[in-house]
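# Secondary and tertiary structure notes
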Amino acid sequence: SNIRVIRHLISIKDLADDELRSLVRRAAYFKRIFKANDQEEFLENHMKLLGRTVGLLFSKRSTRTRISSEGAAAFFGAHPMFLGKDDIQLGVNESLYDSVHVISSMVSCIFARVNNHSDIRELAINSSVPIINSLCDRFHPLQAICDMLTIKENFNCTQNKIKIAWVGDANNVINDMAIAALKLGMDVAVATPESIEMDEEIVAIAKETSARTGATVLFTHCPKEAVKDANVVVTDTFVSMGEEYMYQAKLKQFSGFAVDAELCKHAAPDFKFMHCLPRHKEEVTDEIFYGENSIVFQQAENRLYAAIAAIDVFVNRKGNFAFE
Ligand code: CP
Ligand code: NVA
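Residues numbered from 1 in each chain as written. Chains lettered and ligands numbered in written order. Predicted model: local features only at pLDDT ≥ 70, side-chain atom pairs only at ≥ 80, totals over all residues. Heavy atoms only, no water.

### Some words on the packing of aromatic side chains
Summed over the entire model, instances satisfying the criterion amount to 15 aromatic pairs. Note on Phe75 and Phe76: the rings are 5.0 Å apart at their centroids and 80° apart in plane angle, and the pair reads as edge-to-face. We note that Phe75, like Phe76, is buried. Counting every residue linked through ring pairs, the aromatic cluster contains Tyr29, Phe30, Phe34, Phe42, Phe75, Phe76 and Tyr305. Across the ring face of Phe82, the terminal group of Arg66 is positioned such that the distance to the ring centre comes to 3.7 Å. (Phe/Tyr/Trp six-rings, centres within 6.5 Å; stacked < 30°, edge-to-face > 60°. Buried < 20%, exposed > 50% of the residue type's maximum accessible area, 1.4 Å probe, protein only. Lys NZ or Arg CZ within 6 Å of the ring centre and 35° of its normal.)

Okay, structure coming up:
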């Protein structure tokens, strides 16, 4: 029979520590190839999915994820098809179940940006090709792979213990970032406002990962405590896509949570500031966002290499993480 187990990229939590390490290393490898612009290497990669297609099933807006996944498909010679929520029958005339059966019969993989995590699960269960979670309400694995690459580019992680401080919402981005960092042995401190708690499953996985790798994890409601001696300070919007109706209420809950120069005085002197983008004025001052410690645009560019690595590992290599 031709039944095989398909590896999907749904959350960093589904990856073994070494699999995550492989993906990040793979992203760094493709960044070198991309930048070197060696024609032979480009052509070799370009042949891998030449004449095939990649579906981008997006029910929410996107700049980085769309551009990086379309770019990644093009890198391997595949034609990317953007399937926005107003472009196809899904949701209006056709169920998710029927749509994924049809789409996956024709494409090499599906990048899917949805609202509910349960939709990602339903896609993965019913797809005949890999599903790459391109953001749902619980996870954002491509962002976490990119962020780990960006941290590795800025710090000597083998010689130094890196501490990451998140000051912000308990959301999709930190869920995968915290697990990713802990898997790679980095310390993680998360500060969320009083009434906003991290998801219990994420806390449990974080603690279990911390016990295994020796990296420490702290969940607090005090931004200063989280940022103390941190090498990386990171935040994200206070109001995620789909939560727009909560804007006023959330803004109040997040008073005192903006990342500014005063807060960053508690970080390590050579700290770096990160943000997955898009950025809003509320969560970080211009001084920090555009300041000398900020690596946000390097981070954004690295989304391309994370997407290339994801297609390479999950599609070209059919979930085989062992290289050279
Ligand atoms: N960071 C990120 O996912 O950005 P987009 O929403 O623009 O894709
Ligand atoms: N937490 C944000 C991330 C955007 C890339 C959101 O879900 O809208």
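### Notes on helix H5 (residues 117-126)
Buried within H5 we find His117, Ile120, Leu123, Ala124 and Asn126. As for H5, its buried residues are in contact with strand E1 (53-58), helix H4 (96-104), strand E3 (110-113) and strand E4 (131-133). (Helix = DSSP H or I, 4+ residues; strand = E, 2+ residues; numbered from the N terminus. Contact = heavy atoms within 4.5 Å.)

### Details of the site of ligand 1
Around ligand 1, a shell composed of Ser62, Thr63, Arg64, Thr65, Arg113, His140, Gln143, Cys276, Leu277 and Arg303 is seen. Within the side chain of Ser62, a nitrogen or oxygen atom sits 2.7 Å from an oxygen atom of ligand 1. Each residue belonging to the shell around ligand 1 can be placed in one class, and the counts come to 2 nonpolar, 5 polar and 3 charged. (Near = heavy atom within 4 Å. Polar contact = N/O pair within 3.5 Å; in protein donor to acceptor, adjacent residues only side chain to side chain. Nonpolar A, V, L, I, M, F, W, Y, C, P; charged D, E, K, R; others polar.)

### Some thoughts on the sheet that holds E4
The parallel open sheet is built from 4 strands, whose spatial order is E2-E1-E3-E4. Where the open sheet ends on each side, the last strands, each with one partner, are strand E2 (79-84) and E4. For this sheet the average axis-to-axis angle between neighbouring strands, irrespective of direction, equals 20°. Across 3 bridges, the pairing between E3 and E4 is parallel. Counted as the bridge partner of Ala112 is Asn133 from E4. With respect to the sheet, helix H3 (residues 64-75) is in contact with E1, E2 and E3, its orientation differing from that of E1 by roughly 170°. (Pairing = 2+ DSSP bridges. Axes fitted to C-alpha atoms, helices over the stretch in contact; angles between N-to-C directions.)

### What to know about the environment of Leu56
Here Leu56 lies in strand E1. Dropping the residues within four chain positions of it, Leu56 is found in contact with Arg66, Ser69, Glu70, Pro80, Met81, Phe82, Leu83 and Phe111.

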